[in-house]
Structures are given as C-alpha cells and as structure tokens.
Amino acid sequence: MKIQRTLSPTAASIPLRHLLCAPLGLLSGVKYRNQLREDLKERFSAHAVFVLSSGKAALTLILKALAVGSRRRRVVIPAYTCFSVPSAIVKADLEVVLCDVDPETLDFKFDELKSVVNDDVLCVLPTHLFGFTADVARTKQLCREHRVVVVEDAAQAMGAQSSVGPAGTMGDVAFFSLGRGKNLTSGTGGIILSFSPALTELIEAEYRQVPEPPVREIICNWVETVLMKVFIHPGLYWFPAGLPFLGLGETKFYTDFPIFRMDEMRACLLQGWSDRLDQSNRGRRASAHRLMEDLGLGGREVRTSASSESVYLRLPLLMRDHSAKESICKRSREVGAGISPNYPTTIQEIPQLADRIAVRLVPGAQDIVERLVTVPTHCFVEQQDIRKLNRILSGEGSDTAIPLHGRATADESRRRPCSVALK
Ligand SMILES: Cc1ncc(COP(=O)(O)O)c(C=O)c1O
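Quick summary incoming for the structure in this document. (Residues numbered from 1 in each chain as written. Predicted model: local features only at pLDDT ≥ 70, side-chain atom pairs only at ≥ 80, totals over all residues. Heavy atoms only, no water.)

**Quick notes on the overall build of the protein chain**
Looking only at helices and strands, the protein chain has 15 helices and eleven strands in total. Taken over C-alpha atoms, the radius of gyration comes to 20 Å for the protein chain, in line with the 22 Å a tight globule of 423 residues would show. Its C-alpha atoms give the protein chain principal-axis dimensions of roughly 60 × 50 × 40 Å. Relative to its 423 residues, the protein chain shows a buried fraction of 58%. Put simply, of all contacts in the protein chain between residues at least 6 apart along the chain, 76% involve residues at least 24 apart. Accessible area for the protein chain stands at about 17,200 Å²; split by element, carbon and sulfur atoms hold 53% of it. Between the mean site of the 53 positive side-chain charges and the mean site of the 47 negative ones, the protein chain shows a separation of 3 Å. (Helix = DSSP H or I, 4+ residues; strand = E, 2+ residues; numbered from the N terminus. Rg over C-alpha atoms; globule rule 2.2 N^0.38 Å. Buried < 20%, exposed > 50% of the residue type's maximum accessible area, 1.4 Å probe, protein only. Contact = heavy atoms within 4.5 Å. Areas by Shrake-Rupley, 256 points an atom, 1.4 Å probe, with all protein chains shown as cover. Lys, Arg positive; Asp, Glu negative; His and termini not counted. Charge placed at Lys NZ, Arg CZ, Asp CG, Glu CD.)

Here it is, written out as structure tokens:
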C-alpha cells in the first residue's frame, strides 16, 4: 500500500446534501421513485420506465419478460463486454451466443452478426462500451427480418448521443446502470426504458412480481455509497485500492445477485439527476479531449468525437501489443494513475460458461483483451493527473519505453468515435 494521490479508474460524484437527505427517503413512500420514473420517461421519450436495484437486475427482468410465451432462447451479445451481461442471461435461464467485436469500433462485427441472427434468437444486445454509441440502427436492420428484439445495453452510456438519437432510445428496449463507476450513480441501480406498448405490458407483468428490497439492503447500499463518497477522492483512494480483498475494479461472473425494485433512498440520491448527468458527461468529455490533445491525438478525430457526443465514461486506448499494455498498467499502478486493463478475458473464456456456450473464434475480442487499456476521465482528473497520464502513456520515466505514433481512428460514416490506437 503506497500513500499517494491515487485515481480510481472511474468515478461519479453524488452531492453531499443528497447523501445526507437520502435516509429521509425511508419515510417518504414512493414519492421520489415515482418522480424519477416520470422524469426519465420525459427526458428519453419512453413509453414506460422501470427502476431496479442494478443494471443486471434490469437486464434479467427484460430477458425474462421477452422469454414469456416465446420458444426462442438465444441472446446474442458482444464477445467483449461486462461479465454481468452473461450473468443476467444465465439467471434468466437463457442461452448466451457470442458475436465477435471489431477492435477499431468496439461494436459488433456486422458480417458475423448477420450469420448468428436467425429465427431462434430472442434478442441482440448492441452495447455502448465506455460511452461510445454502437450502431444500433444497423443491428436493428439485421434483426428486423427475423423479428428479433433489440435490447440496447446503455449501461455505460447514459447521456451519450449518436447521430440517430440518444443512447438508450434507439433499440426496442434499453437499460442503464447506476453502478458506482457509471455516468450517474445511486451506489447501485438500474433503469429500463421500453419503447413499445407490447413490451411494456410484458415487462410490467414481471415488474409486478419484483419485491421491494429489505431495509437491511437499503441501509447497506447507503453506507457503501457514503464510504464511496469519502474514499473515491484521489487523496484517499490509495487506501481501498491497497486492500486486495475489496476486489475493487474486478469483473466477476455471478448469478446470485438480487432483483429488487429501486428503493426510495436510492431514488432520493438521484434528485437533480438530469443536470448532474449532463455536467458529469461534459467534464468527462473535456478531460478526454485534453488527454487526446496532450497525447498528440487531437485534431480531426477529437472534433469527430465531440460532434458525436460520446460521453467518455473512460478513454479507451489500444496499445501496440500485450507487453506494452502490461507495462503501462504496471507503471500506472506504481504511481496511482488509474489506468485500467479492463475485462480480463473475452466472454468465451469465463470458466462458469464453459459448458454453456458454443465455442467460436473471437479474434477481435481477444485482440481487445490483449491490447486495450482505459484511462480515467472522471471529475477528479486534474491537470496534474493529465500530465502524469501523458508521461506514462508516452513511456517517459518507465523502464520500457513505448514507441508511440499517435493515430486516432474514427469511422465517420457510422459516426462512432472509436478507440484510439497507439502504435
Ligand atoms: C456493459 C454493461 N452492461 C451491464 C452492466 C450491469 O450493470 P450493473 O453493474 O448495474 O449490474 C454493466 C455494469 O458494469 C456494464 O458495464
């Protein structure tokens, strides 16, 4: 454990006054929750909104609702994504089907998507990783012929905007996560947006059976959120980061997560969420642009990103090779810079899925695992951190000098700002 300024890979702030007022939520019935649902419905022009205890609870509920009365059991997801996604599919008793991912766009490889989508597929999950909008319209086009539902995984992209529309409004149904490192947080939490009366009816039927959380769970979430508020600060983050048993930043596959409605205390924490979300996303964008400019990745690509309004939950960078990634992550750990190696494997390699998932080659996802790092962009990233990050990423001061010739790639035709390749 080294006592030094330490950035967390991702963070979201909660105003102290909301945190202190939240326990009053225990006394306020469902006033804040109803207000939250109304406000979300309005901002995202959704047909209906449901709020739950986490993003994976939201996804599980969507999947269970879709599976009612359908013989289809297959759910197509990117081969590189958060492990919570297959966890929810297994929890809903459905089958995980992978589609490889293009390392340049972090979106599906669409030729492959075309070959896996058929009449046995229940739904496909285009995913806005790190706040970069996926091409949902193209996914929808492929799904239409087979009457496959498009579930937008907008867990990491609340507030992002593509040329087609805001993240979370382009699929048939979508979900956001309000987990600790997300664009907006209530400690944990999840939101479902439905865009069709038929889907709303199915989800409503499932939601009716979802219990309210026990008081113990509500209080635990509040205490954890208070601790997060204190220790996420770079002056203190060295402490939890130095406690390996906390497993901070670890990605785990597990299916014994609870499914509850969002409690009033969490809803209370989200007061003023719309402005907070926009403010936090503006800050992330500004940090990402500063980083890219300092790294010599500015210019055309930065403008592209700005016009597409990615929200840069993190700034993804593809390193030259695996050893460059390893040395950058090691250096970052030494100086507390918050660079993260992200998901440790492709979904294919999750041991608990070994006998549940058809083996297929996913070289794109494998390449991302080998080379991708993400750089923090959150509200605690200051100019001194940007200088530090810049030094690490350009190899200065590290014993392995990493040759960098900045090259940002962006596929403007799809208006998806993509990962930045450092070669
Ligand atoms: C892409 C993606 N989908 C789903 C989830 C699940 O959300 P939660 O952590 O709120 O359960 C996450 C969370 O990290 C995510 O990143």
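**Here's the deal with the site of the ligand**
By nearness alone, 16 residues border the ligand, and G55, D153, Q156, S177 and K182 come closest of all. Here an oxygen atom of the ligand sits 2.7 Å away from a polar atom, N or O, in the side chain of K182. Among the elements of the structure, α3 (55–67), α4 (84–91) and β6 (173–177) are those that each provide at least two residues to the shell around the ligand. Partitioning the shell around the ligand into residue classes produces five nonpolar, eight polar and three charged. (Near = heavy atom within 4 Å. Polar contact = N/O pair within 3.5 Å; in protein donor to acceptor, adjacent residues only side chain to side chain. Nonpolar A, V, L, I, M, F, W, Y, C, P; charged D, E, K, R; others polar.)

**Regarding the packing of aromatic side chains**
Going through the model one piece at a time under the given rule, you end up with ten aromatic pairs. Consider the rings of F132 and Y312, whose centres lie 5.2 Å apart with planes at 80°: the pair is edge-to-face. Here F132 is found in the loop between β4 (121–124) and α6 (136–144), whereas its partner Y312 is found in the loop between α12 (300–308) and β8 (315–318), with 180 residues between them in sequence. You'll find F132 and Y312 in the same group, each marked buried. Between Y254 and F257 the ring centres are 6.3 Å apart and the planes differ by 85°, which places this aromatic pair in the edge-to-face class. Looking at K91, its charged tip hangs above the ring of F257, at a distance of 4.7 Å from the centre. (Phe/Tyr/Trp six-rings, centres within 6.5 Å; stacked < 30°, edge-to-face > 60°. Lys NZ or Arg CZ within 6 Å of the ring centre and 35° of its normal.)

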